[in-house]
Amino acid sequence: MDSYTSLAKCYDIFMDDTPYDEWLDYVLEVFERYEVPKELVLDLGCGTGIFTRMLSRKGYDMIGVDISCDMLQIAKNKNDEEGLDILYLMQDMREFELYGTVRAVVSVCDSINYLLSDEDVITTFKLVENYLDKDGIFVFDFNTVYKYREVIGDCTIAENRDDYSFIWENFYSDEDRINEYDLTIFSKEGELYSKSTETHYQRGYTLLQMKQFIKEAGLEFLEASDADSKDDVSDTSQRIHIVAKCVKPKTTYKEERKIMDKMIRATAANAQIRAFACVSCDTVEEARKRHGLSPVATAALGRLMSGAVMMGAMLKGDDDIVTLQLIGDGPLGKATVTADSMGRVKGYVDNPNVMLPPNSLGKLDVGGAVGKGYLQVIKDMGLKEPYSGQVMLQTGEVAEDLTYYFVTSEQIPSSVGLGVLMNKDDASVKRAGGFIIQLMPFASDEVLEKLEENIKNLEPVTKMLETRDEPEYLLECLLKGFDIDYTDELPIKFFCNCDKDRVKKALISVGKKELKAMIDDGKPISVNCHFCNTDYEFTLDELKAMVREL
């Protein structure tokens, strides 16, 4: 799946006879027939965004995904010229990731033919199914085996325009049904021409194959038609339009989530490495529900809670507490989390409703929500003064900031990984957890090198948890090749120790003058706990009784 480079700048010129208007009419008719509202639509393999912009002008909220940086830059420039609001993501369609689900996915101009194996097509279609709303529609086209074998295979095409010329040579292999085409492009530069070459590969498919791929991906085949004649598909169809539908019921949070949250502690390499790992899905989901968190706020607070619960396990006393604060200038405001040594954790953010578009990788933009600022770590271990350490935020993505804290403030070589994955249907928490790996001072260079190699090849935390939702699996991946000695296991839960009596004591502490002012207002008061978002009501009689206690 080579990306377009030299061809990108002249692609639109040589594609000016492509029947985009006909394709648009067809897609709009499909959308109307299957009642696709003017909501979010993905254009997969969008190229320079010609079709993406056409749908945007019709009122659809568009996302464009393509593997070519050069093509996407042209698409973005066209966006700016027209003032269109389209999100473009540079991603391989076999691995694309979106912020949430979409109402429809389209893929035109034989983008699917760039997938050169059955596995690539099925993988891509499974991602389409994953990111489609229930009953969402997938519309795409593909070139047939007949077209490559009988029409364009082993032939040469040439075109000459004012500023560009090209020679397109095709070489078709019937054995693997792959068509190689070599492009030679001549670009006019003053009185001279510059020459560049590119090689692309496409594979031909049959309608029968596509139906099977659709079925294996969990989609439902709806219809097929000849893209040129608009009639039924025949043995001589060169391009085929397909419509499929997402019908598989989505697993709910409660149905999917079975494992209890826990944290494990381990050593490896004869105690040269100490390691912590946790799964915290239920705990983060509890925080999300209590505070009504947006997805990006859930990801930020959830990562901080997972980090805090593992750092809490590093404390020695039952009454010891660690508090982590992300204090940035972003729209999230301050995020505060407190954890103890028994796996209990609580937290909140200043702005639970913060909403941001995905970052450049299509992920929740936690760094953008947090902004620039600092991370503060406070450890209350029963001493005269609590320990406090502070470091500047490196990314605002939490894991990198905790890694930096351990290295600079505690001088412990560490690696921290944290992740929160959201369900697309109801914005609940699907996976959450993380790890902390630390090297002991006596660790050998050999151990360090092997551990660094493991970390270098590590998948994201949420992807590992999708494979196996257990903290043991995280450590198995991290400590591959080492003997692991599991030393401890703790249950994790969202826990706030507030109650009405504690809040009453806090009210009394404000003093008689303030309490009398509350009474003079003539109304009962409500006090909210920031950590668990619980409201405590106090009547006028209760306030008067507090005054009498003073």
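These figures come from a predicted structure and were not determined experimentally.

Quick word on the overall build of the protein
Move 1: A tally of helices and strands in the protein yields 18 helices and 24 strands.
Move 2: Projected onto its principal axes, the C-alpha coordinates of the protein cover approximately 95 × 65 × 50 Å.
Move 3: Counting every position in the protein, which comprises 550 residues, the buried fraction comes to 52%.
Move 4: When the accessible area of the protein is evaluated, it comes to approximately 25700 Å², of which 48% is carbon and sulfur surface.
Move 5: Once the 63 positive and 98 negative side-chain charges of the protein are each reduced to a mean point, those two points are 8 Å apart.

A word on the sheet that holds strand β13 (residues 273–279)
Move 1: In space, the five strands of this open sheet follow the order β19-β20-β13-β12-β21, with antiparallel pairing throughout. Each edge of the sheet is formed by a strand with only one pairing partner; in this case those strands are β19 (414–422) and β21 (484–491). Within the sheet, the average angular offset between the axes of one strand and its neighbour, ignoring direction, is 10 degrees.
Move 2: Across seven bridges, the pairing between strand β12 (residues 262–268) and β21 is antiparallel. Each residue of the ladder has a partner; that of A268, found in β21, is I484.

Examining the pattern of salt bridges
A pair can form between side chains of opposite charge whenever their charged atoms are brought close.
Move 1: Taken as a whole and assessed by the stated rule, the structure comprises 33 salt bridges.
Move 2: A salt bridge links R33 to E29; the nearest nitrogen and oxygen atoms lie 2.6 Å apart. Placement of both R33 and E29 in helix α2 (residues 20–33) is noted, with a separation of four residues, approximately one turn of the helix.
Move 3: Of the residues examined, R33 reaches a relative accessible area of 38% and is grouped as partly exposed.

Re the side chain of K379
Move 1: Mapped onto the elements of the fold, K379 is located in strand β17 (residues 373–380).
Move 2: By relative accessible area, K379 is classed as buried at 13%.
Move 3: Looking at K379, its side chain comes within polar contact range of the side chain of E410, at 2.7 Å.
Move 4: Discounting residues that sit within four places of it in the chain, K379 has contacts with L315, I321, V322, P386, Y387, Y405 and E410.

Digging into helix α16 (residues 500–508)
Move 1: Within the span of α16, buried status applies to V503, L507 and I508. Here the buried residues of α16 occupy an arc of 140 degrees about the axis, which is enough to place them on one side.
Move 2: Buried residues belonging to α16 abut α17 (512–520), β23 (525–528), β24 (535–538) and α18 (540–549).
Move 3: The backbone nitrogen of D501 lies 3.2 Å from a side-chain oxygen of the residue at the head of α16, namely D499.

With respect to the nonpolar core
Move 1: Counting residues in hydrophobic clusters, the biggest one holds 72 residues, and the most contacted among them are M311 and L332.
Move 2: Examining the composition of this core, we find that 11 residues originate from one element, helix α10 (residues 295–312), more than from any other.
Move 3: Setting aside its immediate chain neighbours within four residues, M311 contacts V322, L324, V377, L402, Y405, F406 and I436.
Move 4: One finds L207, M210, I214 and I242 within the second-largest nonpolar core, a separate group that totals 33 residues.

Examining the sheet that holds strand β22 (residues 493–494)
Pairing between sheet strands relies on hydrogen bonds along the backbone, with the strands arranged either parallel or antiparallel.
Move 1: What the six strands build is an open sheet, ordered β18-β17-β14-β15-β16-β22; its pairing is mixed. What marks the edges here is a single partner per strand, and that holds for β18 (387–392) and β22.
Move 2: In this sheet, strand β15 (residues 335–340) lies alongside strand β14 (residues 321–328) in antiparallel orientation, the contact comprising six bridges. Bridge assignment links Q325 to a residue of β15, and that residue is T336.
Move 3: Across the sheet, helix α12 (residues 399–409) touches β14, β17 and β18, and the angle it forms with β18 is around 120 degrees.

Section: the packing of helix α9 (residues 281–291) against α10
Relative orientation and spacing of two packed helices are given, respectively, by the angle between their axes and the distance between those axes.
Move 1: For the pair α9 and α10, the least separation of the axes is 10 Å and the interaxial angle reads 135 degrees. Taken as axis vectors, α9 and α10 run oblique relative to one another. Two packed elements cross with a definite hand, and for α9 against α10 that hand is right-handed. Touching T283, V284, A287, R288 and H291 of α9 are T298, L301, G302 and M305, all from α10.
Move 2: Per-class residue counts for the contact of α9 with α10 are four nonpolar, four polar and one charged.

Side note on the pairing of β23
Move 1: Here four bridges tie β23 to β24, and the two strands are oriented antiparallel to one another. Within β24, the position partnered with V527 by the bridge is Y536.
Move 2: Taken together, β23 and the strand that follows it, β24, pair antiparallel across an intervening segment of six residues, in which N533 is found at a positive phi of about 60 degrees.

Description of a nonpolar patch on the surface
Move 1: A grouping of M381, L383 and Y387 is seen on the molecular surface, where their side chains present a nonpolar patch of about 270 Å² in accessible area.
Move 2: In this structure, Y387 sits in strand β18.

Re the confidence of the model for the protein
Move 1: Mean pLDDT over the protein works out to 89, with 94% of the residues at or above the 70 mark.
Move 2: Note on residues 250–257: pLDDT is under 50 here. Beyond four places in sequence and across chains, it has 18 contacts.

Some thoughts on a negative patch on the surface
Move 1: A contiguous patch of negative charge, built from D445, E446, E449 and E452, is present on the exposed surface.
Move 2: Relative to the helices and strands, E449 is located in helix α13 (residues 445–456).

Description of the packing of aromatic side chains
Move 1: According to the stated counting rule, one finds 10 aromatic pairs in the structure shown.
Move 2: Each ring, one from F96 and one from Y131, has its centre 5.5 Å from the other, and the planes form 40 degrees; the classification is tilted. Here F96, found in the loop between β3 (87–90) and β4 (102–107), pairs with Y131, found in helix α5 (residues 118–131); they are 35 residues apart in sequence, far enough to count as distant.
Move 3: Take F96: its relative accessible area is 0%, and that puts it in the buried class.
Move 4: Ring geometry for Y348 versus F531: centroids 5.1 Å apart, planes at 85 degrees, classification edge-to-face.

Basis of the calculations
Residues numbered from 1 in each chain as written. Predicted model: local features only at pLDDT ≥ 70, side-chain atom pairs only at ≥ 80, totals over all residues. Heavy atoms only, no water. Helix = DSSP H or I, 4+ residues; strand = E, 2+ residues; numbered from the N terminus. Buried < 20%, exposed > 50% of the residue type's maximum accessible area, 1.4 Å probe, protein only. Areas by Shrake-Rupley, 256 points an atom, 1.4 Å probe, with all protein chains shown as cover. Lys, Arg positive; Asp, Glu negative; His and termini not counted. Charge placed at Lys NZ, Arg CZ, Asp CG, Glu CD. Pairing = 2+ DSSP bridges. Axes fitted to C-alpha atoms, helices over the stretch in contact; angles between N-to-C directions. Salt bridge = Lys/Arg side-chain N within 4 Å of Asp/Glu carboxyl O. Polar contact = N/O pair within 3.5 Å; in protein donor to acceptor, adjacent residues only side chain to side chain. Contact = heavy atoms within 4.5 Å. Arc of directions from axis to C-beta. Core = buried A, V, L, I, M, F, W, Y, C linked by side-chain atoms within 4.5 Å. Parallel < 35°, antiparallel > 145°, perpendicular 65-115°, else oblique. Left-handed = near helix turned anticlockwise from the far one by under 90°. Nonpolar A, V, L, I, M, F, W, Y, C, P; charged D, E, K, R; others polar. Patch = residues over 30% accessible without salt bridge, like charges linked within 9 Å, V, L, I, M, F, W, Y side chains within 5 Å. pLDDT = per-residue confidence, 0-100. Phe/Tyr/Trp six-rings, centres within 6.5 Å; stacked < 30°, edge-to-face > 60°.

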